[in-house]
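Okay, here's what each chain looks like letter by letter:
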Amino acid sequence: MTHPFLDLAPLSAGRFAAIEDRVARLLGTRQDVVIMQGEALLPLEGAIRAAAGPGTVALNVITGPYGQTFGNWLRDCGATAHDLAVPFHTAVTAEQIRGALAEHPEIDFVSLVHAEAATGNTNPVAEIGEVVRAHGALFYLDAVASVGAEPVLPDAWGVDLCVIGAQKAMGGPAGVSAVSVSERAWARMAANPNAPRRSYLSLLDWKERWIDGGRTALLHAPAQLEMLALEACVERIEAEGLQTVMARHASAAAATRAGVLALGGLEPYVDEAKDAAPVATTLRTPPDVDASALVARALESDPALPLAAGGGALAGEMIRVNHYGPDATPGAVQGSLAALGAALAEKGLKVDLEAARRAAEEAWDRPTGPGLSPTDTGA
């Protein structure tokens with residue numbers, strides 16, 4: 001018996017390196033790009049453990065659950081971490097970052113999530129990067145959710161460690177991920193005696209045994225199917241055009257927000273449209289409506305709709321419309337609005353399904369920026 005997923009020829013080092021080069025072009029970076037053989041948590045944790053340790057003083061920005069995780073990793077490494085937490089329905093500002101750095105001038109590491117798919121916000125990385133660069137700190141960025149949905153420009157923004165994953169807006173596999181690494185970051189890792197070595201978490205292993213060796217011998221057998229899927233996903237983005245892919249996500253976010261505002265019964269979880277991530281739109285349910293139950297009822301009409309309740313403590317009050325990757329389409333947005341509207345109507349809430357349909361349709365082709373419709377200046 002044969003199967004297209006089985007009995008494949010081994011993935012060569014040359015093919016692996018070529019896929020890394022395509023990812024680097026996608027990010028517009030001249031930095032080294034390492035594709036790691038695991039979900040994005042692998043390079044996210046590996047980069048922190050490589051670059052931070054006793055003596056590191058970090059500013060850890062929390063705009064969602066991943067920021068909380070990064071703070072835990074930093075402290076576990078022995079770093080001193082000053083958390084800058086902002087409400088999950090907003091975004092952090094460059095001025096808040098500037099103020100925190102002024103309060104703690106010894107900070108030499110800044111960790112930030114670009115877009116939080118879990119809470120639906122996105123942070124102004126270009127402006128923040130200017131502040132961090134002026135301060136001289138190493139800049140670590142989680143761009144897993146944002147890449148493909150909005151610009152991710154490590155070189156232009158002064159990002160030293162930029163981690164991406166393909167499973168959201170890129171529409172690719174979850175089993176591999178990548179990190180771009182600046183020369184400053186490599187130097188910081190090399191000087192850190194606690195940086196992982198001879199470890200699956202180790203970025204230095206990739207530097208010393210892969211990059212410095214001319215990318216001719218892989219560290220271990222690659223995750224072949226995931227690597228081929230990543231290559232195919234990048235090819236698809238190249239064929240469609242990255243700007244077109246990002247425009248689809250901006251349109252999906254604008255249409256979802258406009259449709260919800262016209263529908264009634266729900267409201268955007270992120271207060272200001274300018275702070276809303278194009279990768280996913282989060283919604284707040286009325287106090288007497290359980291979000292998990294509402295999503296479950298909506299999915300009965302079509303289990304393929306990109307709807308989910310919020311995680312953890314947000315499960316009762318938040319709905320996520322995950323309009324990313326193959327679901328950044330008018331059909332996915334309209335289907336989600338219709339299903340949520342019908343579920344709300346069953347609960348006796350007043351909704352206007354036709355107004356929601358029209359608002360989403362009109363907003364689709366007229367977004368003025370990530371998550372922003374020309375007819376919407378806020379919640």
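Rules behind the numbers
Residue numbers here run from 1 along each chain, matching the order of that chain's written sequence. Totals for whole chains, interfaces and linings use every residue, but because this is a predicted model, local features are given only for residues with pLDDT of at least 70 and side-chain atom pairs only at 80 or more, for both listing and counting. In computing side-chain properties, one takes all heavy atoms of the structure into account and sets aside hydrogens as well as water. The quantity called pLDDT is the predictor's confidence in a given residue, expressed from 0 to 100. What makes two residues a contact is simply this: any of their non-hydrogen atoms within 4.5 Å. Using a grid of 1 Å spacing that covers the protein atoms alone, one calls a set of points a cavity when a 1.4 Å probe fits there but cannot get out, and a pocket when the set is open and has protein on both sides within 12 Å along at least five of seven lines; lining residues are those with an atom within 4 Å of a point. Grid points are joined across faces, edges and corners, and a volume is the space filled by probe spheres set on the points. Under the DSSP-based scheme used, a helix requires at least four consecutive residues in state H or I and a strand at least two consecutive residues in state E, with every element numbered from the N terminus. Side-chain classes are defined by residue name, with Ala, Val, Leu, Ile, Met, Phe, Trp, Tyr, Cys and Pro counting as nonpolar, Asp, Glu, Lys and Arg as charged, and the others, Gly among them, as polar. Salt bridges are defined by distance alone: a side-chain nitrogen of Lys or Arg within 4 Å of a carboxyl oxygen of Asp or Glu. Under the scheme applied here, a residue whose accessible area is under 20% of the maximum for its type counts as buried, over 50% as exposed, and between as partly exposed, the area being computed with a 1.4 Å probe on protein chains only. Here a strand pair is declared whenever DSSP counts at least two bridges between the two strands. Between the N-to-C directions of two axes lies an angle of 0 to 180 degrees, each axis being a line fitted to C-alpha atoms and, for a helix, fitted only over the stretch in contact. Note on angle classes: values under 35 degrees are labelled roughly parallel, values over 145 roughly antiparallel, values of 65 to 115 roughly perpendicular, and the remainder oblique. What makes a crossing left-handed is the near helix being turned counterclockwise from the far one by less than a right angle; a clockwise turn instead makes it right-handed. By convention, a stacked pair of Phe, Tyr or Trp rings (six-membered ring in the case of Trp) has centres within 6.5 Å and planes under 30 degrees apart, an edge-to-face pair has planes over 60 apart, and any other such pair is tilted. In plain terms, two cysteine sulfur atoms within 2.5 Å form what is called a disulfide here.

**Notes on the confidence of the model for the chain**
Next, step 1: Confidence in the prediction of the chain, expressed as mean pLDDT, is 95, and 97% of residues score 70 or more.
Next, step 2: Considering only residues more than four positions removed or in separate chains, one finds that residues 370-379, a stretch of pLDDT under 50, has 33 contacts.

**Here's the deal with empty space enclosed by the protein**
Next, step 1: Scanning the entire structure with this criterion turns up two cavities of 30 Å³ or more.
Next, step 2: When its volume is computed, the largest cavity comes out at roughly 50 Å³.
Next, step 3: What lines the largest cavity is Val23, Ile164, Gly165, Ala166, Met170, Val176, Ser177, Ala178 and Leu230.
Next, step 4: For the lining of the largest cavity, the elements supplying multiple residues, two or more each, are strand 8 (161-165) and strand 9 (177-181).
Next, step 5: Residue classes in the lining of the largest cavity are distributed as seven nonpolar, two polar and no charged.
Next, step 6: Space inside the second largest cavity adds up to approximately 40 Å³.
Next, step 7: Together, Gly120, Arg257, Pro268, Tyr269, Val270, Ala276, Ala280, Thr281 and Thr282 line the second largest cavity.
Next, step 8: Considering only residue class, the lining of the second largest cavity consists of five nonpolar, three polar and one charged.

**Remarks on the pattern of salt bridges**
Next, step 1: Evaluated as defined, the whole model comprises 21 salt bridges.
Next, step 2: Between Arg297 and Glu300 there is a salt bridge, with the nearest N and O atoms lying 2.6 Å from each other. Placement of the pair is Arg297 and Glu300 together in helix 11 (residues 291-301), with a separation of three residues, close to one helical turn.
Next, step 3: You can call Glu300 exposed: its relative accessible area is 56%.
Next, step 4: Salt bridges here are not isolated pairs; linked through shared partners, they connect Glu354, Arg357, Arg358 and Glu361.

**A look at the layout of surface pockets**
Next, step 1: Space inside the second largest pocket adds up to approximately 190 Å³.
Next, step 2: Taken together, 16 residues line the second largest pocket, and the ones lying closest to its centre are Tyr66, Asp142, Val144, Ala145 and Lys168.
Next, step 3: Of all elements in the fold, only helix 2 (41-51) and strand 5 (115-116) reach the threshold of two or more residues within the lining of the second largest pocket.

**Details of the sheet that holds strand 7 (residues 138-142)**
Next, step 1: Taken in spatial order, the seven strands make up an open sheet running 1-9-8-7-4-2-3, and their pairing is mixed. The strands lining the two open edges of the sheet, one partner per strand, are strand 1 (32-36) and strand 3 (80-85). Each neighbouring strand pair of the sheet contributes to a mean axis angle of 15°, computed without reference to strand direction.
Next, step 2: When strand 1 meets strand 9, the two strands line up antiparallel, connected through five bridges. By the bridge assignment for strand 9, Met36 is matched with Ser177.
Next, step 3: Sheet contacts for helix 1 (residues 13-27): strand 1, strand 8 and strand 9; angle to strand 1, the most-contacted strand, approximately 120°.

**Some remarks on the packing of helix 11 against helix 12 (residues 330-346)**
Next, step 1: It is at 8 Å that the axes of helix 11 and helix 12 come closest, and there the two elements cross at 120°. As far as their axial angle goes, helix 12 and helix 11 are oblique. The crossing of helix 11 and helix 12 is right-handed. Together, Leu294, Arg297, Ala298 and Ser301 of helix 11 and Ala339, Leu340, Ala343, Leu344 and Glu346 of helix 12 make up the contact between the two elements.
Next, step 2: The residue makeup of the contact of helix 11 with helix 12, split by class, is six nonpolar, one polar and two charged.

**Regarding the packing of aromatic side chains**
Next, step 1: Throughout the structure, instances matching the rule amount to seven aromatic pairs.
Next, step 2: Pairwise contacts between aromatic rings join Tyr66, Phe70, Trp73, Phe109 and Tyr140 into one cluster.

**Quick look at the state of the cysteines**
Next, step 1: Enumeration according to the criterion identifies zero disulfides in this entry.
Next, step 2: With no disulfide of its own, Cys77 has Cys162 as its nearest cysteine by sulfur position, at a separation of 19 Å.
Next, step 3: A residue is classified by how much of its surface remains accessible, and Cys77, at 12% relative accessible area, is buried.
Next, step 4: The cysteine Cys233 is free of any disulfide, with Cys162 supplying the nearest cysteine sulfur at 15 Å.

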